[in-house]
Amino acid sequence: MTPIRAAAVSSILTAVAVTMAALASPMRAATEQAAPAPPLVKDNATVKLSDHVWAIPDFNVGLVPNVGIVVGGKATLVVDTGLGPRNGETIVREMKKVSTNADVYVVLTHYHPEHSLGAAAFKGAKLLMTRIQQQDMAELGKPIQDTFASRSPINAELLNGVAYPSPDILFDREYRVDLGGVHARLLWRGPAAMHTRGDTMIFVEEDRVLFTGDVVMSQRFLAAQNTSSISTWIATLDELLSLKPARVVPSHGTIGDATLIERDRTFLKTVQERIGELKRAGKSSDDAVAAIVAEIAPKYPEWGNPQGATAVARAAYADAR
C-alpha cells in the first residue's frame, strides 16, 4: 500500500471512530436513563387504605412488592418484607410510624426473595407460613436467590449471606389472626400451584382489604410457572371475588379494587377456553401459545408486551384436556 493510500485509509478509520464515538455517547446516555430503578422499598411512602390498613406502594419498580401493614389494638401484621434485610429495615421504620404494638406478626405471600428475604429485620416478630411455602423455600429458594443476586450488583449486595427465615407458626389451608379489633384471615388454596405452590392471600375482614400476592397482578401479565394449574387459579379468583373486597393490593402494580381480580379472571378464563379449542384441534403448544399472544394478549395493553402472556398460555395448554 502506498503511503498516500495508507494515509487515506487511516483518515477514514479515524473518521469512523469519531462518528461511532459520537453515536455511542447519546446511546450510553439513553441506556443510563433506561436503567431500572434499584429494588428498594421507599421511605416515607406509606399510605392509609382503611381504618386499620396501610400499604407501602411498589411504584411499579421491579423486585419491590406492595407491602402491607395491618394495625390492631394489640398486635400488628406485616405482609411481605422486601428484597433482603435492608428493605426489611425500611419496612420496620415505616411500621413504627403507624403502630406502637410490641407484638408483630409477619406473613409472606410466597417464597420469592423480594417477598421473603427481608424477614430477618423483624426482630422478635412471629412468622406465619403455610407448610408448602416452607417446602418451597427449602427446595427452590437457594437457586432463585442466586439467580436474583446475579442480575445486578445491588441485588447481590442486598442478598449477600441472607438465609431464608424459619416459621414460628405453620398452617395448612387457613389461619385467622386476632390483632385486636381487627382480624386477618390467611388463605392457601393448594395443593396445585398458581404463581407458586405456597401462594398465600390475606383478607382483613373488618376493613375488607385483600392482599393477593402474585395471584392477582396489576400493570403486568400474571406470572405462571410450568406447573401452574389455571383451573385452580380461576377457582381461587372466584373465591376472592366472593369476599367482596373493597381494596385489593396485588404484590406488584397499582393498588385497586375487585376489578383487578375480575380482569385477571376474565383473561385466564378466555385463555383457558381458547387453548382448549386449539389443543382439541391438534395444535401444538407453540402454535397455541402464538395464537394467544396474537389474539388475546393485545386486548390488555396496560399489561405491556403481549409476549408476557406466554407463560399463562403454556400452563393452560398443559392443563387442558
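Residues numbered from 1 in each chain as written. Predicted model: local features only at pLDDT ≥ 70, side-chain atom pairs only at ≥ 80, totals over all residues. Heavy atoms only, no water.

**Looking at the pairing of strand E10 (residues 200–204)**
Here comes step 1: Among the five residues that make up E10, five are buried, leaving the element largely enclosed by the rest of the structure.
Here comes step 2: Alternating positions in E10 separate into two faces, Thr200, Ile202 and Val204 on one and Met201 and Phe203 on the other, with burial throughout.
Here comes step 3: With five bridges connecting them, strand E9 (residues 183–188) and E10 associate as antiparallel partners. When the bridges of E10 are listed, Arg185 appears paired with Phe203. (Buried < 20%, exposed > 50% of the residue type's maximum accessible area, 1.4 Å probe, protein only. Helix = DSSP H or I, 4+ residues; strand = E, 2+ residues; numbered from the N terminus. Pairing = 2+ DSSP bridges.)

**Let's talk about helix H4 (residues 131–149)**
Here comes step 1: Compared with the 27 Å implied by 1.5 Å per residue over 19 residues, the 26 Å span of H4 between its first and last C-alpha is a close match.
Here comes step 2: Maximal helix bending in H4 amounts to about 60°, located at Leu140; proline Pro143 follows within four positions. (Expected span 1.5 Å × (residues − 1). Bend = angle between axes of the 7 residues up to and from the residue.)

**Thoughts on the sheet that holds strand E11 (residues 209–213)**
Two strands in a sheet stick together by hydrogen bonds in their backbones, pointing the same way (parallel) or opposite ways (antiparallel).
Here comes step 1: If you walk across this open sheet you meet the five strands as E8-E9-E10-E11-E12, and the pairing is mixed. This sheet does not close on itself; its edge strands, each paired only once, are strand E8 (174–178) and strand E12 (247–250). Recorded for the sheet is a direction-independent mean angle of 15° between the axes of neighbouring strands. (Axes fitted to C-alpha atoms, helices over the stretch in contact; angles between N-to-C directions.)

**Description of the confidence of the model for the chain**
Here comes step 1: Across the chain, the average pLDDT comes to 91, with 89% of residues at or above 70.
Here comes step 2: Note on residues 1–32: pLDDT under 50 across the span, and two contacts to partners over four residues away in sequence or across chains. (pLDDT = per-residue confidence, 0-100. Contact = heavy atoms within 4.5 Å.)

**Some words on the packing of aromatic side chains**
Here comes step 1: With the rule as written, the count across this model stands at six aromatic pairs.
Here comes step 2: Their ring planes at 40° and their centres at 5.8 Å tell us that Phe171 and Tyr175 sit as a pair that is tilted.
Here comes step 3: Using a relative accessible area of 4% as the deciding quantity, one classes Phe171 as buried.
Here comes step 4: Between Phe267 and Tyr300 the ring centres are 5.3 Å apart and the planes differ by 75°, which places this aromatic pair in the edge-to-face class. Remark: Tyr300 occurs in the loop between helix H8 (285–295) and helix H9 (310–319) and Phe267 occurs in helix H7 (residues 258–280); sequence separation between them is 33 residues. Note on accessibility: Phe267 and Tyr300 belong to one class, buried. (Phe/Tyr/Trp six-rings, centres within 6.5 Å; stacked < 30°, edge-to-face > 60°.)

**Considering the side chain of Ser229**
Here comes step 1: Relative to the helices and strands, Ser229 is located in the loop between E11 and helix H6 (230–242).
Here comes step 2: According to the relative accessible area criterion, Ser229 is buried, its value standing at 9%.

**Observations regarding the pattern of salt bridges**
Here comes step 1: For the structure on display, the rule yields 17 salt bridges.
Here comes step 2: Across the pair Arg197 and Asp136 runs a salt bridge whose closest N-O atoms are separated by 2.6 Å. In this pair, Arg197 is assigned in the loop between E9 and E10 and Asp136 in helix H4, connecting sequence segments 61 residues apart.
Here comes step 3: According to the relative accessible area criterion, Arg197 is partly exposed, its value standing at 26%.
Here comes step 4: With relative accessibility at 0%, the residue Asp136 sits in the buried group.
Here comes step 5: Residue Glu205 is joined to Arg176 by a salt bridge in which the shortest nitrogen-to-oxygen separation is 2.8 Å. Linking Glu205 in the loop between E10 and E11 with Arg176 in strand E8, this pair joins segments that are 29 residues apart in sequence. (Salt bridge = Lys/Arg side-chain N within 4 Å of Asp/Glu carboxyl O.)

**Side note on H7**
Here comes step 1: In this model H7 runs 33 Å from its N-terminal to its C-terminal C-alpha over 23 residues, within 8% of the 33 Å that 1.5 Å per residue would give.
Here comes step 2: The complete set of buried residues in H7 reads Ala258, Leu260, Ile261, Asp264, Phe267, Leu268, Val271, Ile275, Gly276 and Leu278.
Here comes step 3: Turning to H7, the residues buried within the fold contact E11, H6, E12, H8 and H9.
Here comes step 4: Phi turns positive one or two residues past the end of H7, at Gly282, with a value near 90°.

**Looking at the sheet that holds strand E6 (residues 126–130)**
Here comes step 1: Strand order across the open sheet formed by seven strands is E1-E2-E3-E4-E5-E6-E7, with mixed pairing between neighbours. Looking at strand neighbours, the two that pair on one side only are strand E1 (47–48) and strand E7 (169–171), the edges of this open sheet.
Here comes step 2: Pairing geometry for strand E3 (residues 67–71) and strand E4 (residues 75–79), over four bridges, is antiparallel. Residue pairing in the sheet places Gly68 in a bridge with Val79 of E4.
Here comes step 3: Packing of helix H2 (residues 85–98) onto the sheet brings it into contact with strand E2 (53–56), E3, E4 and strand E5 (103–107), and relative to E3 it is tilted by some 30°.

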